[in-house]
Amino acid sequence: MANWKNEEEAREQIKKLVADYYHDFKEKKEPYKDGDRITYASRVFDEKEMQALTDATLDFWLTTGRFSDQFEKEFAQWIGVKYAHLVNSGSSANLIAFMALTAPELGDRQIRPGDEVITVACGFPTTVTPVLNYGAVPVFVDVTVPQYNIDVKKLEGALSSKTKAVMIAHTLGNPFDLKAVKAFCAKHNLWIVEDNCDALGTKYTIDGETKFSGTWGDIGTSSFYPPHHMTMGEGGCVYTNNPLLHRLILSFRDWGRDCICPSGRDNFCGHRFDGQFGELPVGYDHKYVYSHFGYNLKVTDMQAAIGCEQLKKFPSFIERRRHNWDRLHKALEPVAGKLILPEPAENSEPSWFGFLISVRPDSGLDRNKVTRYIEEHNVQTRLLFSGNLIKHPCFNQIRGTEAYRVAGDLTTTDFVMNNTFWVGVYPGMTDEMIDYMAKTIIEAVNN
């Protein structure tokens, strides 16, 4: 039996053993060699994350707690918002962001079933899923290449008397035209939800003011899934500067309850038993009053503890992603006649999630043959998510119905579906790995 003087000493000894374990068994010791498998993304961590996870595990609080509070406070300060709330995934973050806009407290701006939300089909489905599940109508707009974001020239054509919001993602770190989208939404009194899951750390400038993506709209969302810019394993975040939306986000995340008591604390407001709500009797326990049809999408403190350490490393992650993207772009310029290389959006400083490449139609190349060659040479590739979401089996039962609408055509979206792929630039990549990827892509093109 260990001879510990107190719990603090015990924790420190346990965490020291965890650090030793990391250095003995998890720390990468072999240098990269050409031909080693290069994944599109990977976790970048050290003993600090494992020690923080252990610390939270020893608390055995298991749900949202002190590490969650710490992360929400530090993340909000870092990204520059008043309110940040952790959830269990980026998909849940999008769900909560959208559902907050369906609350009756928003009056005429409440999104109701049948109302429309402008978005794109060229992206990840969970940006759109909450809209469809609620009974609102996504309106799909085409994108542009080589930015791979919404074509803002098509926004006015997508507008109707039922439009209530624009909900779109920044593509692989490259922000959509926030200046144009903000102007459009201000003109028509629409909500903006920025799906920032693939762009955390991206900066955007409007009229001389520079802020992080995710903070220009009404609500921003992030994902902390392992491949993303930083990780908690699973996890996500919803953030806003709007006090009412802040309250609604918390309610929908925490079962839909009216009460704002923190987890594990009763009678925070001092009025637990003296209110009257709905048709409930006076004095009904406020902890069990529900003002919305909500969910339980909280994160655990073990996940949040990892995030607290990842956030400390995050600025260096961003810089390495930019370095890797720039190096790969320069290396691929000799084949730019056959490949469309990505370009950053105007007025932006992207925090790149990946490096998008499109095969030029006049090159004589086949995208699938190119990616097959690259994969066979141990470089992992990915397509741009759904390519065109409305072509997928999930649309089979609603295709051609009034459940969704397409504004104009999706010609460029279809081009992306057929011609585009991407490779990673995650911060664990070395220059040697970037150079091997470039060499392999060039071989695939020239062969």
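Okay, so let's go over this structure. Sequence order as written defines residue numbering, which begins from 1 separately in each chain. In view of the model being predicted, local features appear only for residues whose pLDDT reaches at least 70, and side-chain atom pairs are presented and counted only at 80 or more, with totals across whole chains, interfaces and linings using the full set of residues. Excluded from the side-chain calculation are hydrogens and water; included are all heavy atoms of the structure.

## Topic: the packing of aromatic side chains
So, step 1. Stacked, tilted and edge-to-face are the three classes applied to pairs of Phe, Tyr and Trp rings, where Trp contributes its six-membered ring and a pair requires centres within 6.5 Å; stacked means planes under 30 degrees apart, edge-to-face means over 60, and tilted covers the rest. Applying the stated criterion across every chain yields a total of 20 aromatic pairs.
So, step 2. Their ring planes at 45° and their centres at 5.1 Å tell us that tyrosine 21 and phenylalanine 25 sit as a pair that is tilted. Of this pair, tyrosine 21 and phenylalanine 25 are both found in helix H1 (residues 7-26), 4 residues apart, which corresponds to roughly one turn of the helix.
So, step 3. The classification of residues rests on relative accessible area computed with a 1.4 Å probe and restricted to protein chains. Under 20% of the type maximum is buried, over 50% is exposed, and intermediate values are partly exposed. On the basis of relative accessible area, phenylalanine 25 is assigned to the exposed category, the value being 60%.
So, step 4. Measuring from centroid to centroid gives 5.5 Å for phenylalanine 353 and tryptophan 422, while their planes differ by 45°, and the two rings are tilted. Taken as a pair, phenylalanine 353 in the loop between strand S11 (348-349) and strand S12 (354-359) and tryptophan 422 in strand S14 (residues 420-424) lie far apart in primary sequence, 69 residues in all. Helix and strand assignments come from DSSP, with helices taken as H or I runs of at least 4 residues and strands as E runs of at least 2, each series counted from the N terminus.

## Concerning a nonpolar patch on the surface
So, step 1. Patch members must show over 30% relative accessible area and no salt bridge, and they are joined within 9 Å when carrying like charges or within 5 Å when they are nonpolar side chains of Val, Leu, Ile, Met, Phe, Trp or Tyr. The Shrake-Rupley method, run with a 1.4 Å probe sphere, supplies the accessible areas, and residue values consider only the shown protein chains as cover. Salt bridge, as used here, is a side-chain nitrogen of Lys or Arg placed within 4 Å of a carboxyl oxygen of Asp or Glu. Taken together, the side chains of Trp255, Leu280, Tyr284, Tyr288 and Tyr290 define a hydrophobic patch exposed on the protein surface, amounting to about 530 Å² of accessible area.
So, step 2. With respect to the helices, strands and loops of the structure, tyrosine 290 is situated in the loop between helix H8 (243-253) and helix H9 (301-332).
So, step 3. Of the residues examined, tyrosine 290 reaches a relative accessible area of 46% and is grouped as partly exposed.

## Here we look at empty space enclosed by the protein
So, step 1. Think of a 1 Å grid over the protein atoms and nothing else: a 1.4 Å probe that fits but is trapped marks a cavity, an open set flanked by protein within 12 Å on at least five of seven lines marks a pocket, and residues with an atom within 4 Å of a point count as lining. Grid points are joined across faces, edges and corners, and a volume is the space filled by probe spheres set on the points. According to the stated counting rule, one finds 2 cavities of 30 Å³ or more in the structure shown.
So, step 2. Roughly 60 Å³ of internal volume is contained in the largest cavity.
So, step 3. If you go around the largest cavity, the residues you meet are Ser42, Arg43, Val44, Pro226, His228, His229, Met230, Thr231, Gln310, Phe317, Arg321 and Pro427.
So, step 4. Taken as a whole, the second largest cavity holds about 40 Å³ of empty space.
So, step 5. Pro146, Gln147, Tyr148, Thr171, Leu172, Asn174, Pro342, Glu343, Trp352, Gly354 and Leu356 are the residues that line the second largest cavity.
So, step 6. For the lining of the second largest cavity, the residue count by class is 6 nonpolar, 4 polar and 1 charged. Residues are grouped as follows: Ala, Val, Leu, Ile, Met, Phe, Trp, Tyr, Cys and Pro are nonpolar; Asp, Glu, Lys and Arg are charged; all remaining types, including Gly, are polar.

## Examining the sheet that holds strand S6 (residues 203-206)
So, step 1. An order of S7-S6-S11 is seen for the 3 strands of this open sheet, with the pairing classed as antiparallel. Every other strand in the sheet has two partners, leaving strand S7 (209-212) and S11 as the edge strands with one partner each.
So, step 2. As paired elements, S6 and S7 share 4 bridges and run antiparallel to each other. Counterpart to isoleucine 206 in the pairing with S7 is glutamate 209. For two strands to be treated as a pair, DSSP must find at least two bridges joining them.

## Considering helix H3 (residues 66-79)
So, step 1. In this model, H3 (14 residues) spans 20 Å end to end at C-alpha, consistent with the 20 Å of a helix rising 1.5 Å per residue.
So, step 2. Considered for burial, the residues of H3 that qualify are Phe67, Ser68, Phe71, Glu72, Phe75, Ala76 and Ile79. In an axial view of H3, the angular spread of the buried residues amounts to 155°, which keeps them on one side of the axis. What points out from H3, more than 90 degrees from its buried face, is the exposed set Lys73 and Gln77. Helix span, expected: 1.5 Å multiplied by one less than the number of residues in the helix. Regarding the arc, it is the one traced by the directions from the helix axis to the C-beta atoms.

## Focus on the pattern of salt bridges
So, step 1. A full pass over the atoms with the stated rule returns 31 salt bridges.
So, step 2. Note that lysine 287 is salt-bridged to aspartate 266, the shortest N-O span being 3.5 Å. Residue lysine 287 is located in the loop between H8 and H9, and its partner aspartate 266 is located in the loop between H8 and H9; the two are separated by 21 residues in the primary sequence.
So, step 3. According to the relative accessible area criterion, lysine 287 is buried, its value standing at 16%.
So, step 4. Within this structure, Glu7, Arg11, Glu12, Lys15, Asp55, Asp59 and Arg66 form a network of salt bridges that share partners.

## Section: the sheet that holds S12
In a beta sheet, neighbouring strands are held together by backbone hydrogen bonds and run either parallel or antiparallel to one another.
So, step 1. Reading across the sheet, the 3 strands line up as S10-S12-S14 and stay open at both edges, with antiparallel pairing between neighbours. Both edges of this open sheet fall to strand S10 (339-340) and S14, since each of them pairs with a single strand only.
So, step 2. In this sheet, S12 lies alongside S10 in antiparallel orientation, the contact comprising 2 bridges. Bridging across to S12, isoleucine 340 finds its partner in serine 358.
So, step 3. Whether two residues are in contact is decided by their heavy atoms: any pair within 4.5 Å suffices. Fitting a line to C-alpha atoms yields each axis, with helices limited to the stretch in contact; the angle taken between N-to-C directions then spans 0 to 180 degrees. Together, S12 and S14 form the strand contacts of H9, whose direction differs from that of S12 by roughly 25°.
So, step 4. Across the sheet, helix H10 (residues 367-376) is in contact with S12 and S14; its angle to S14 comes to roughly 20°.

Geometric values such as these leave the question of function open.
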